[in-house]
Amino acid sequence: FSLNLSKEQRVAIADSTGCDTAFMLEGGCGKIINRSTVVDKFTMQERDAVIAVKGFSNTANVFKIYDGLPKTLQEFDNRAVIQALKNGESVTGIAVNDLTIASNTLNPNVFRAIDILGEGASMSGSGSSVFCFGAPNNSVEKLKSEGFDVYTCKIGNFETTVIKE
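Now for a quick tour of the structure. Residue numbers restart at each chain and count upward from 1, following the sequence in its written direction. This being a predicted model, a pLDDT of at least 70 is required before a residue's local features are given, and a value of 80 or more before pairs of side-chain atoms are given or counted; all residues contribute to the totals for chains, interfaces and linings. Neither water nor hydrogens contribute to the side-chain values; these are computed over all heavy atoms in the structure.

On to the nonpolar core, then. Here, nonpolar core means buried Ala, Val, Leu, Ile, Met, Phe, Trp, Tyr and Cys residues that are tied together by side-chain atoms lying within 4.5 Å of each other. Burial classes: relative accessible area under 20% of the type maximum marks a residue as buried, over 50% as exposed, and values in between as partly exposed (1.4 Å probe, protein chains only). Core analysis: the biggest nonpolar cluster contains 19 residues, and Val50, Ala113, Leu117, Val130, Leu143, Phe148 and Val150 have the highest contact counts within it. The way it works is that DSSP assigns letters per residue, a run of H or I at least four long becomes a helix, a run of E at least two long becomes a strand, and they are numbered from the N terminus. Only strand S3 (47–53), helix H3 (59–67), helix H6 (109–117), strand S5 (130–133) and helix H7 (139–145) provide two or more residues apiece to this core. Leave out the neighbours within four places in its chain, and leucine 143 touches Val50, Ala52, Ala113, Ile116, Leu117, Phe148 and Val150. The next biggest cluster of nonpolar side chains, apart from the first, holds eight residues, and it includes Met44, Ala49, Val91 and Ala95. In what follows, a contact means two residues having at least one pair of non-hydrogen atoms within 4.5 Å.

Here's what the structure looks like:
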């Protein structure tokens, strides 16, 4: 928008809109704690990705539902996921998102996209987008035929920079 804002001003505005929004100004891969503080940065091997979105799940409502669910889901192993991303390995079975059930309660399209994309699919953030590396051949057409917005891209071969300490 040619607002001539400094990096600090852009980060402050982005940080006011969500926990990881300021991080998204720079992009890349990183483990984030608190509000946009990058505690681990790494280069991810390039790979094909499919991202599917249909509908919406409000983050505040997702967390309200999540707080009422039994905590029986697998603990996310950040180290294992980061190592797999660095090495170009599968994240199937280790990239879990405890908010998936809560988000799907508000938007059943989450589970539908995961079902279509198969074993390697996972929900991003608090929903409603679902991503998959190396999706099955017919999944993109199937998602589109069911009204999903589908994005295919190559991601990786970039390094995260710390934008806020």
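Working definition: rings of Phe, Tyr and Trp (its six-membered ring) pair if their centres are within 6.5 Å, and the pair is stacked with planes under 30 degrees apart, edge-to-face with planes over 60 apart, and tilted otherwise. In the structure shown here, the tally under the stated rule is two aromatic pairs. Directly above the aromatic system of phenylalanine 148 lies the positively charged group of lysine 54, at a separation of 5.4 Å from the ring centroid. Note on geometry: a ring has a charge over it if NZ (lysine) or CZ (arginine) is within 6 Å of the ring centre and within 35 degrees of the ring normal.

For the rest of this paragraph, the subject is the side chain of serine 57. Structurally, serine 57 can be placed in the loop between S3 and H3. A polar atom in the side chain of serine 57 sits 2.9 Å from the side chain of serine 103. Identification of polar contacts relies on pairs of N or O atoms within 3.5 Å, with a donor-acceptor requirement for protein atoms, meaning one able to donate a hydrogen and the other able to accept it, and with residues adjacent in sequence counted only if both atoms are side-chain atoms.

Moving on, we come to the sheet that holds strand S4 (residues 122–123). Two strands are counted as paired when DSSP detects at least two bridges linking them. In space, the four strands of this open sheet follow the order S4-S5-S3-S6, with antiparallel pairing throughout. Of all the strands in the sheet, the pair left with one neighbour each is S4 and strand S6 (149–155). Relative to S5, S4 is paired through two bridges, and the arrangement is antiparallel. Across the sheet, residue methionine 123 finds its bridge partner in S5, namely valine 130. Orientation is described by axes fitted as lines to C-alpha atoms, over the contacting stretch for helices, and by angles from 0 to 180 degrees between their N-to-C directions. Sheet contacts for H6: S3, S4 and S5; angle to S5, the most-contacted strand, approximately 15 degrees.

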